[in-house]
Amino acid sequence: MVYLSTSEEWQRQSSMLLQARPTTTRITTKYKIPNLDSPKYQNSKKRKRTTEGEEKEDVPRAVLVLKAYDPASGVCLKLKTDRQADVGRLITGLGRLGRYMAALPEKSEDAVMEEPSGGLALNPSDNTSSTPAAADAKTQQAPTESAGGNKKKKKGKK
Amino acid sequence: MANPHKSNDEFFTQLASLIEHTQKKGHGAIHLSQKRLTYKTDAAPTPEKIANNPEWDLNIADPLPLLVRATDGKSQSQDRKKNPNKNKLSTIVQPDDIEAFYARYAEVCKAGMQSLKKRDRSKRNKKKKKTPGTVEEKKA
């Protein structure tokens, strides 16, 4: 349960996690509008009244939380935002991560230009040339990712 | 299956109404999830396959589809009663459709998620407040 501070960092680490564990990792997006009438927020309001004297807002403020979670290794990366300007960018980011999930190669303009109708299965030479490098990258990333996860877990326990 | 996967088009129309419903209600949550779909496909792992090669999924020749789900709440309440009012949607995105799907996905979410902070609202207000003030001072 780690909240990352920037969306770029979340995107980078999530893509590494997906490259290491593409099958088990899932990405969930939560859009939550808090219910200000619920007891939870009633209490927090009272505290605010005593400390600050005034209520800040009557309009509920929604939050958007992105979470990449791999149950096999226990790595959980989260990102929280409340800005509407982020929504479009983050979801196109999810599309980019979706390419890892679908086992598609990373989007590059050259590849699209070369094989508009050919498809991936019809170009075995490209696949074989690119896969060893990709495999190396993945095996290198996997241990670092798990190590990162362990560190994070330790932090959580403290 | 009681709840079959929707087509992508149907998914978007229903997702838009799901978000709009929550937005009108004034509180609540929308949960979206995406994952690789391996169930009942050729690439589905058998136990032997995993035992032979734990990293079997790192180099897959053929792209796999994605499973995208959306719900409007938790499936259980705190006292473990099933939530009867939960709406859930799911769709399968084929690898070729990913870009088109996410472009529309972003549109639907941008249009629906209106309770987030709007861009630069406070800055604009400050500027508006400042400019008339300065004009008045000049006039005076």
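Labelled according to an unreviewed UniProt entry, chain B appears under the name Signal recognition particle subunit SRP14, originating from Acrodontium crateriforme. Checking UniProt for chain B, the heading Subunit (unreviewed entry) contains the comment "Component of a fungal signal recognition particle (SRP) complex that consists of a 7SL RNA molecule (scR1) and at least six protein subunits: SRP72, SRP68, SRP54, SEC65, SRP21 and SRP14." Under the Function (unreviewed entry) heading, UniProt states for chain B: "Component of the signal recognition particle (SRP) complex, a ribonucleoprotein complex that mediates the cotranslational targeting of secretory and membrane proteins to the endoplasmic reticulum (ER)."

Looking at an unreviewed UniProt entry, chain A carries the name SRP9 domain-containing protein, with the source organism given as Acrodontium crateriforme.

A few words on the overall build of chain B. What chain B contains, in helices and strands, is four helices and three strands. Evaluated residue by residue, chain B yields a buried proportion of 34% over its 140 residues. Accessible surface computed for chain B: about 9,600 Å², of which carbon and sulfur atoms make up 50%.

Quick look at helix α1 (residues 8-25) of chain B now. For α1(B), spanning 18 residues, the distance from its first C-alpha to its last is 26 Å, which sits close to the expected 26 Å at 1.5 Å a residue. Of the surrounding secondary structure, the elements contacted by the buried residues of α1(B) are β2 (26-33) of chain A together with β1 (28-36), β2 (66-71), β3 (88-93) and α3 (98-112) of chain B. B:G26 sits one or two positions beyond α1(B) and adopts a positive phi of about 95°.

On the side of chain A, 44 residues touch chain B, which itself brings 41 residues to the contact. Taking both sides of the interface into account, the surface hidden between chain B and chain A amounts to around 3,800 Å²; carbon and sulfur atoms contribute 59%. Linking chain B with chain A are two salt bridges. Taking the shortest distance from any N to any O, the salt bridge between A:D82 and B:K117 comes out at 3.2 Å. Connecting chain B to chain A are 17 residue pairs in polar contact (both at pLDDT 80 or more). When contributions to the side of chain B that touches chain A are tallied by element, the ones reaching two or more residues are α1, β1 and α3 of chain B. Take the side of chain B that touches chain A: its biggest share by element is nine residues, from β1(B). Pairing of β2(A) with β1(B) involves eight bridges; the strand directions are antiparallel.

Now for the packing of helix α1 (residues 7-20) of chain A against helix α3 (residues 85-101) of chain A. All names here are of chain A. Packing of α1 against α3 leaves a shortest axis separation of 9 Å and a crossing angle of 15°. One way to sum up the angle between α1 and α3 is to call them roughly parallel. Between α1 and α3 lies a crossing of right-handed hand. Each of S7, E8, W10, Q11, S14, S15, L18 and Q19 in α1 lies in contact with α3, whose residues at this interface are R89, L90, G93, L94, R96, L97, Y100 and M101.

Spatially, seven strands are ordered β1(A)-β4(A)-β3(A)-β2(A)-β1(B)-β2(B)-β3(B) in an open sheet, and the strand pairing comes out mixed. Every interior strand has two partners, whereas the edge strands, β1 (2-4) of chain A together with β3 of chain B, have only one. Taking each pair of neighbouring strands and ignoring which way they run, the sheet shows an average axis angle of 20°. Looking at chain direction, strand β3 (residues 63-70) of chain A and strand β4 (residues 75-81) of chain A are connected through seven bridges and run antiparallel. What sits directly across from A:L66, in β4(A), is A:L79. Contacting β2, β3 and β4 of chain A together with β1 and β2 of chain B, α3(A) runs over the sheet at an angle of about 25° to β1(B). Against the sheet, α3(B) contacts β2 of chain A together with β1, β2 and β3 of chain B, and its axis sits at roughly 15° relative to β2(B).

Calculation rules
Residues numbered from 1 in each chain as written. Chains lettered and ligands numbered in written order. Predicted model: local features only at pLDDT ≥ 70, side-chain atom pairs only at ≥ 80, totals over all residues. Heavy atoms only, no water. UniProt positions renumbered as here; feature names shortened; annotations may be inferred. Helix = DSSP H or I, 4+ residues; strand = E, 2+ residues; numbered from the N terminus. Buried < 20%, exposed > 50% of the residue type's maximum accessible area, 1.4 Å probe, protein only. Areas by Shrake-Rupley, 256 points an atom, 1.4 Å probe, with all protein chains shown as cover. Expected span 1.5 Å × (residues − 1). Contact = heavy atoms within 4.5 Å. Buried area = accessible area lost by both parts, 1.4 Å probe. Salt bridge = Lys/Arg side-chain N within 4 Å of Asp/Glu carboxyl O. Polar contact = N/O pair within 3.5 Å; in protein donor to acceptor, adjacent residues only side chain to side chain. Pairing = 2+ DSSP bridges. Axes fitted to C-alpha atoms, helices over the stretch in contact; angles between N-to-C directions. Parallel < 35°, antiparallel > 145°, perpendicular 65-115°, else oblique. Left-handed = near helix turned anticlockwise from the far one by under 90°.

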